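# Inside the fold
One letter stands for each residue in the lines below.
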Amino acid sequence: MRIEEITIENFRSFYGKQTIKFSDGLTLFIGDNGDGKTTFFDAFEWLFNTSTKRVDDSIVSAKRASELMNNENDFVRVALRFEHDGINEIEKSFKFYKDNNGIIQTDNFNFIGYEDNGTERNKVDGGILLDRCFDAPIRKYSLFRGENNLDIFKHREALKYLVDTFSEIKDFDPYYSDNENKQGFIDYAVEKSNRAYQNAMRSDEKNSRQEKILRFDIDKHKKDISNIKDQLKSNKENFHIYKTKLEELENCKDISEQLNKYNADLKTLKTKKDNEESRVNEDYSIKLLDDNWILCGFAPILEEFQNKVNVLSLEKRKLEKEENEKIGREKALSEVNNSLKKGIIPLAIHVPDESTMKEMINDEVCKVCGREATKGSPAYEFMVNKLNEYIISLQPQTEEKQEPLFINDYINEFEQFSSRFGFEKKDIIKLLSIIKDDIDFNEKRKIKIKEIEDDIAKIEECKSKLLTQSNSIKEEELQNAYMNIINWNRNKDDSKRQIETLEKEEIRIQSIIDKLQNDYDNLAKDTSAKIYSQIHIAFQKIQEAFKYAKKRNTDDFLKLLQEKSNAYLKKLNIDGFYGIIRIRKTFDNSAEIDLIDSNEIIVKNENEALKTTKFMSVLFAISELTTLKRDNNYPLIFDAPTSSFAPQ
């Protein structure tokens, strides 16, 4: 199968219809995050999935869906044109539309194929055509998302599938199957010949007692072996589970450390951002009045106001002084006039005293000068007035109320305003500086917040890249990697110790069974059961031959795969260290890929680029073996397997 072109229509970020043509050999897509590289990979995954016909509305182009009017529709479609015994096509599609409520709905799922039979093109089921041209099992070795999924042998069944596919071992299945079911003919023959052998031995009365003892012991130990095999299977399963988890975490050890660092950095940056945001205060409308920011341009007006108030105040004081002087002069003049009336210098107001004054008035005689002062005369009136002035002088004096020159207090209020604002003038003058400082402070905080947000975005992007490298492990597991490593290592080591102990015990019991079986077979000599014994032993030897041949086929396949993998590893690492790939079978019937240096030492901590080329070399080798074995190609599609490579 060789892909010629793919058409992607309204699939996630692929808006509208996009057709991509392929040339022979390697096609490389290079782009920034969000450019659609992974979406391109997802389109292949969706098309190659023949196990479900469920429509997933999450793959509908959001942009195209947003453009639809109610009751308008369009299609999601991925179509592949490829060469496989002629030009063929497969197409998967479904309709999407916006209903009356503006909700996107889907229907009309189709998966169709067009097959070229040499003379005409026939329309067939797309899934059937794909499976015929590109076997479902081999598709496991076609699509790879991220670096950590390149190691195919972390799946236990991978080795068995590859050996079955690329060697002659599958031809053994009708005769011998190395599993619990024992479905092959030789397995059946060994079981049947053993029963016939045992029946013949029981019929021999001469050895029946000894036969019973030996058979009882053999059966007992075989049960022990069976129990050991069950325990071995369980422990191998556990070992594989914990080994796989540890390998995943080991592969992600750096990722785990980096992830924890990213999360710590994100927490610090988000705290910083919160602190910076809490310091920003842009309530300028409140500050306009509450903090008198509205007065920021008031200083020159205030100065003019104060000057005018000063002039007004000065003029007021001048006028008041002049008025007071005038009043004073008038009062003084009045007093002098009263005192100097008729040119007489008057006595003090209490001379003569009140009783004397009354006596003189009654006697109508001025006893001061001895003159007569008859009633009604000027002298008499003078004495009466003098007495009245004296009596009035004894009364509490109320000063005549003087009407102020300025009836209202407006000028004083102006003076108070001027004085108060005078004290605040320096603060008003500072307002412009304060406002500028506050705005500058907020702007600097916003710049700082933007810088922090940019740093957060960069770390989030790095974190996303990091997590795409470990799709098989969740973020929580990565964060708890070190705690898990302790427990999983303990469980793995316990399982390994149990396996070693059980295998030794299995060998020990098997040696006892072999000895008992030998004694049992010796009983058959010179009896009618001898021929049954020979037939059973012959079938057992054939079974062992198949078992050996199966192992030999596996070893030969691994040797061939290793040879071709190393050829690709050398090509992929020109002018650099690349080591030698060794593929070895493990006791749990899986395989491991090691990198060996020139000193025959396993390279434990190869860098990501070398690790990636190691696994990709094996995949290229499998692809080549497919071509050799089946005379057919199949595509290898990788999503970001080289993100850890140097720019060159």
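Our structure's up above, just so we're on the same page.
Reference entry: report on the structure contained in this document.

Definitions and cut-offs
- Throughout this description, residue numbers start from 1 for each chain and increase along the sequence as written.
- Only residues with pLDDT of at least 70 get local features here, since the model is predicted, and only at 80 or more are side-chain atom pairs given and counted; chain-wide, interface and lining totals rely on the full set of residues.
- Where side-chain values are given, they derive from all heavy atoms of the structure, hydrogens and water being excluded.
- A side-chain nitrogen of Lys or Arg and a carboxyl oxygen of Asp or Glu constitute a salt bridge if their distance falls within 4 Å.
- Exposure categories follow from relative accessible area, calculated using a 1.4 Å probe and restricted to protein chains: below 20% of the type maximum is buried, above 50% is exposed, and the middle band is partly exposed.
- Strand pairing is assigned whenever DSSP detects at least two bridges linking the two strands.
- By definition, any uninterrupted DSSP run of H or I lasting at least four residues is a helix, any uninterrupted run of E lasting at least two residues is a strand, and each is numbered from the N terminus.
- Here an angle of 0 to 180 degrees is reported between the N-to-C directions of two axes, which are lines fitted to C-alpha atoms, with helices fitted over the stretch in contact.
- Contacts are assigned to residue pairs with any non-hydrogen atoms lying within 4.5 Å of each other.
- Each Phe, Tyr or Trp ring, with Trp reduced to its six-membered ring, pairs with another whose centre is within 6.5 Å; inter-plane angles below 30 degrees give stacked pairs, above 60 give edge-to-face pairs, and intermediate values give tilted ones.
- Each nonpolar core is a collection of buried residues, namely Ala, Val, Leu, Ile, Met, Phe, Trp, Tyr and Cys, held together in the definition by side-chain atoms within 4.5 Å.

On to the pattern of salt bridges, then. All told, the structure shown has 37 salt bridges when counted by the stated rule. Put simply, Glu89 and Arg81 hold a salt bridge, and the shortest N to O gap is 3.5 Å. When its relative accessible area of 23% is taken as the criterion, Glu89 is described as partly exposed. With relative accessibility at 29%, the residue Arg81 sits in the partly exposed group. Look at the salt bridges and you will find they share partners, linking Arg2, Glu4, Asp24, Arg81, Glu89 and Arg121 into a network.

This part takes up the sheet that holds strand β1 (residues 2–11). The strand order β2-β1-β3-β4-β5-β6 describes an open sheet built from six strands, whose pairing is antiparallel. Of all strands in the sheet, those bounded by a partner on one side alone are β2 (14–21) and β6 (121–125). Neighbour-to-neighbour, the strand axes of this sheet turn through a mean angle of 15°, independent of strand direction. Sheet topology note: the β1/strand β3 (residues 73–83) ladder contains seven bridges and is antiparallel. Looking across to β3, one finds that Thr7 is bridged to Ala79. In this fold helix α3 (residues 126–133) packs onto β3, β4 (87–98), β5 (104–116) and β6, with an angle of close to 45° to the strand it touches most, β5.

Time to look at the packing of aromatic side chains. Across all of its chains, the model carries 13 aromatic pairs by this definition. Relative to Phe44, the ring of Phe40 has its centre 5.3 Å away and its plane inclined at 80°; by these criteria the two rings are edge-to-face. One end of the pair is Phe40 and the other is Phe44, both in helix α1 (residues 37–48) and four residues apart, which spans about a single turn. One exposure class covers both Phe40 and Phe44, and it is buried. The interplanar angle of 80° and the centroid separation of 6.0 Å between the aromatic rings of Trp46 and Phe94 together place this pair among those described as edge-to-face.

Phe44, Phe48, Leu80 and Phe153 are the most contacted members of the largest nonpolar core, which totals 69 residues. Here this core takes eight residues from helix α17 (residues 608–630), the largest share from any one element. Those residues in contact with Phe153 that sit more than four places away from it in its chain are Ala158, Leu159, Leu162, Leu561, Ile583, Ser590, Ala591, Ile593 and Val618. The next biggest cluster of nonpolar side chains, apart from the first, holds 18 residues, and it includes Tyr197, Ala200, Leu232 and Leu502.

Across eleven bridges, β3 lies against β4 in antiparallel orientation. Each bridged residue has a counterpart across the sheet, and for Asp74 the counterpart in β4 is Phe96. Count of turn residues in the β3/β4 antiparallel hairpin: three residues, of which Asp85 carries a positive phi of about 55°.

Moving on: the side chain of Gln517. The residue Gln517 is located in helix α15 (residues 481–524) in this model. The buried category is assigned to Gln517, whose relative accessible area is 18%. Not counting the four nearest positions on each side in its chain, Gln517 is found in contact with Tyr197 and Ile218.

Of note, Ser623 is situated in helix α17. Non-local contacts of Ser623, meaning those with residues more than four positions away in its chain, are made with Tyr634 and Leu636.

Mapped onto the elements of the fold, Asn194 is located in helix α6 (residues 185–203). Between the C-alpha atom of Asn194 and that of Phe539, which follows or precedes it by 345 residues, the distance is 9.4 Å.

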